[in-house]
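Close look at the chain arrangement
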Amino acid sequence: MPETLPLTLPDRATLLAIAAEVGTPVYVYDAAVIERAYRAFAEGLAPHPHAIHYALKANSTLALLRLLRTLGAQADANSGGEIEVALRAGFIPDQIVFTGVGKTGDELDRAVSLGVKAINAESPGELDRIASRAVALSTTVRVALRVNPDIDAKSHPHISTGLKTNKFGMPLEQVRQLYRDHARQPGLEPVGLHIHVGSQITSLDPLRRAAERAVTLGRELRDDGIQIEHLDLGGGLGISYDGTPVPTPAEYAAAILPAVRDTGFSIIVEPGRALVGAAGTLLTRVIDVKQYADGLRFAVLDAGMTELMRPALYGAFHRIIAVSPREGLEQAYEVVGPLCESSDIFGRDRRLPPLEVEDVMAILDAGAYGSVMASSYNRRPLLPEVLIDQPSRDYKHNDTTTRSRDEPGRRHWRVIRRRQTIDELLSTEV
Ligand code: LLP
């Protein structure tokens with residue numbers, strides 16, 4: 001038997017209570033799992049000066065951001081919207097790095113006037129645009145140039161970013177010259193280098209090599225008299241979607257730290273998925289079961305690609321389980337969503353106990369790139385989210401909390417985002 005990791009699933013009684021009270025589909029997050037992952041990064045990186053900038057794009061629900069901020073995380077924002085969300089979650093500008101392959105003038109204005117910790121610039125033109133804004137506002141902006149190291153992350157092509165042919169950053173061999181020509185102009189303070197080679201990376205080698213290339217380049221810049229402070233090594237550490245072991249945050253830290261030791265550069269990391277992915281479960285109900293004459297059997301769920309797009313978009317695998325499995329032999333199911341798209345499939349040929357309408361199902365490891373990528377296609381309102389957490393950590397959730405439950409034998413949970421109504425969905429239309 002190949003080694004498989006235990007499920008990081010909240011207890012079933014709690015899940016059933018949430019499904020009954022909040023309705024399905026609903027995202028459920030376990031704060032303890034996020035906390036464990038955060039501490040693993042923090043402990044692994046402890047030997048070297050570092051900052052953990054959580055990549056908001058993975059999941060930016062306010063309550064999760066407040067939790068991560070409380071744990072010590074800073075923020076990596078990829079849009080003007082994510083900057084605003086980070087501020088509302090309590091991050092200060094000096095805790096925010098602003099990344100993004102295309103930043104609009106308005107977004108740059110906002111980041112410049114806030115004085116974020118660093119803008120990760122993607123091109124010489126962007127450096128010039130930042131500089132002119134900074135001069136106009138009589139300020140100086142901390143910038144880091146994003147380097148494309150031409151490293152194959154060996155992840156899905158849609159989420160690999162470090163190859164020369166990808167649109168991200170500037171080619172490694174050009175960066176030294178670009179920094180000489182563009183980063184020393186008035187209004188700019190070059191403070192770092194940024195590198196991010198992809199996401200869901202399950203081999204440490206590309207991450208280690210990216211760190212080594214960043215160090216080499218950082219030293220060259222220093223030789224040129226450009227005293228950068230930090231190397232932002234991006235995110236990308238993968239999680240196990242199928243239960244087979246993948247590198248842990250501690251192993252990741254052990255892989256990258258040797259490259260930066262004794263360099264004088266501090267590091268920034270931008271994990272997203274590895275902090276929240278395993279903490280999230282998509283709870284959904286069976287709304288139809290049918291069998292074709294040739295034996296093909298379908299279970300249609302009330303969640304679809306609108307709630308979790310990863311399987312349809314990347315062919316991504318997520319484990320699916322019945323929350324209270326019925327007695328009887330396992331059968332093969334095509335587990336599908338209700339949308340009018342043939343790609344709206346969560347899993348083919350899945351061995352599951354006999355399923356009936358109304359059964360509650362859990363789609364695992366959906367905490368990252370789940371709710372943030374949800375859409376209202378087919379006019380489906382955005383789904384609610386629930387956080388299982390210690391009651392003592394009931395910090396303010398503004399008006400997002402609608403209910404909170406603490407029952408004997410079950411874990412404390414509360415709604416951190418309620419289900420959108422049709423009126424809200426239509427509220428921006430004439
Ligand atoms: N930093 C930068 C510059 C990034 O582009 C990303 C992710 C991260 C950090 C965080 O990467 P992570 O640690 O989460 O791998 N929607 C896709 C993933 C897209 C990742 C985009 N960039 C998915 O569902 O797999």
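Let me sum up the structure you'll find in this document. Owing to the predicted nature of the structure, the values given are computational and were not obtained by experimental measurement. (Residues numbered from 1 in each chain as written. Predicted model: local features only at pLDDT ≥ 70, side-chain atom pairs only at ≥ 80, totals over all residues. Heavy atoms only, no water.)

1. Comments concerning the overall build of the protein
Within the protein, the regular secondary structure consists of twelve helices and 19 strands. Its C-alpha atoms give the protein a radius of gyration of 23 Å, near enough to 22 Å, the size a compact globule of 430 residues would have. In terms of principal-axis extent, the alpha carbons of the protein reach across some 70 × 50 × 40 Å. Per-residue burial over the protein gives 55% buried out of 430 residues. Nonlocal contacts in the protein, meaning residues at least 24 apart in sequence, comprise 71% of its contacts between residues at least 6 apart. When the accessible surface of the protein is totalled, it reaches about 17800 Å², and 51% of it is carbon and sulfur. (Helix = DSSP H or I, 4+ residues; strand = E, 2+ residues; numbered from the N terminus. Rg over C-alpha atoms; globule rule 2.2 N^0.38 Å. Buried < 20%, exposed > 50% of the residue type's maximum accessible area, 1.4 Å probe, protein only. Contact = heavy atoms within 4.5 Å. Areas by Shrake-Rupley, 256 points an atom, 1.4 Å probe, with all protein chains shown as cover.)

2. Quick notes on empty space enclosed by the protein
Applying the stated rule across the entire model yields three cavities of 30 Å³ or more. Volume-wise, the largest cavity comes out at about 50 Å³. Ile195, His196, Val197, Leu207, Ala210, Ala211, Leu233, Tyr252 and Ile256 are the residues that line the largest cavity. Those elements that place two or more of their residues in the lining of the largest cavity are helix H8 (204-223) and helix H9 (249-260). (1 Å grid on protein atoms, 1.4 Å probe; cavity = no way out; pocket = protein on both sides within 12 Å on 5 of 7 lines; lining within 4 Å. Points joined across faces, edges and corners; volume = space filled by probe spheres on them.)

3. A word on unusual backbone geometry
Cis geometry is found at the peptide bond from Thr24 to Pro25, where omega equals -10°. Structurally, Pro25 is set in the loop between helix H1 (12-22) and strand S1 (26-30). If you check the backbone angles, Ser138 has positive phi at about 50° while not being a glycine. The exposure class of Ser138 is exposed, given its relative accessible area of 70%. One non-glycine residue with positive phi stands out, namely Gln200, at about 55°. You can see Gln200 is positioned in the loop between strand S8 (188-195) and H8.

4. Considering the site of the ligand
With respect to spatial proximity, 19 residues lie near the ligand, and among them Ser199, Glu270, Arg310, Tyr314 and Tyr369 are the closest. At 2.8 Å from an oxygen atom of the ligand is found a main-chain nitrogen or oxygen belonging to Gly236. Glu270 places a side-chain nitrogen or oxygen 2.6 Å from a nitrogen atom of the ligand. For the ligand, whose accessible area on its own is 590 Å², the fraction buried by protein is 92%. In a pocket analysis with a 2 Å cut-off to the grid points, the ligand is assigned to the largest pocket. Counted by class, the shell around the ligand contains six nonpolar, eight polar and five charged residues. (Near = heavy atom within 4 Å. Polar contact = N/O pair within 3.5 Å; in protein donor to acceptor, adjacent residues only side chain to side chain. Sits in = over half its atoms within 2 Å of the grid points. Nonpolar A, V, L, I, M, F, W, Y, C, P; charged D, E, K, R; others polar.)

5. Things to note about the pattern of salt bridges
In this structure the tally under the stated criterion is 23 salt bridges. Of the charged contacts, one joins Arg176 and Asp224 as a salt bridge, the two residues approaching to 2.9 Å between their closest N and O atoms. In this pair, Arg176 sits in helix H7 (residues 172-182) while Asp224 sits in the loop between H8 and strand S9 (230-232), placing the two residues 48 residues apart along the sequence. What makes Arg176 partly exposed here is its relative accessible area of 24%. The salt bridge involving Asp359 is made with Arg326; its shortest N-O contact spans 2.6 Å. Taken as a pair, Asp359 in the loop between strand S15 (345-352) and strand S16 (360-363) and Arg326 in the loop between strand S13 (320-322) and strand S14 (331-336) lie far apart in primary sequence, 33 residues in all. Take Asp359: its relative accessible area is 11%, and that puts it in the buried class. Arg326 gets classed as partly exposed once you look at its relative accessible area, which sits at 33%. Put simply, Arg176, Arg180, Glu220 and Asp224 are held in one network by salt bridges that share partners. (Salt bridge = Lys/Arg side-chain N within 4 Å of Asp/Glu carboxyl O.)

6. Here we look at the pairing of strand S10 (residues 266-269)
Within a regular strand, side chains alternate between the sheet's two faces. One ladder, built from three bridges, connects strand S2 (residues 50-55) with S10; its direction is parallel. Of the residues in S10, the one forming a bridge with Ala51 is Ile268. Inspection of the sheet shows S9 paired to S10 by three bridges, in the parallel sense. Counted as the bridge partner of Asp232 is Ile268 from S10. Each parallel crossover has a hand, and the one from S9 via H9 to S10 is right-handed. (Pairing = 2+ DSSP bridges. Right-handed = clockwise from strand over helix to strand, strands pointing away.)

7. What to know about the environment of Glu212
Note that Glu212 resides in helix H8. A relative accessible area of 37% means that Glu212 is categorised as partly exposed. Linking Glu212 and Asp302, residues 90 residues apart in sequence, is a C-alpha distance of 47 Å.

8. Quick word on helix H3 (residues 62-71)
Across the ten residues of H3, seven count as buried, placing the element largely inside the fold. Along H3, the residues that are buried comprise Ala63, Leu64, Leu65, Arg66, Leu67, Leu68 and Leu71. One or two residues past the end of H3 sits Gly72, with phi positive at roughly 120°.

9. A closer look at the packing of H7 against H8
Closest axis-to-axis distance for the H7/H8 pair is 10 Å, and the angle between their directions is 25°. Judged by the angle between their axes, H7 and H8 are roughly parallel. Seen along the crossing, H7 lies across H8 with a hand that is right-handed. From H7, Leu172, Val175, Arg176 and Tyr179 reach across to H8, where they touch Arg213, Leu217, Glu220, Leu221 and Asp223. (Axes fitted to C-alpha atoms, helices over the stretch in contact; angles between N-to-C directions. Parallel < 35°, antiparallel > 145°, perpendicular 65-115°, else oblique. Left-handed = near helix turned anticlockwise from the far one by under 90°.)

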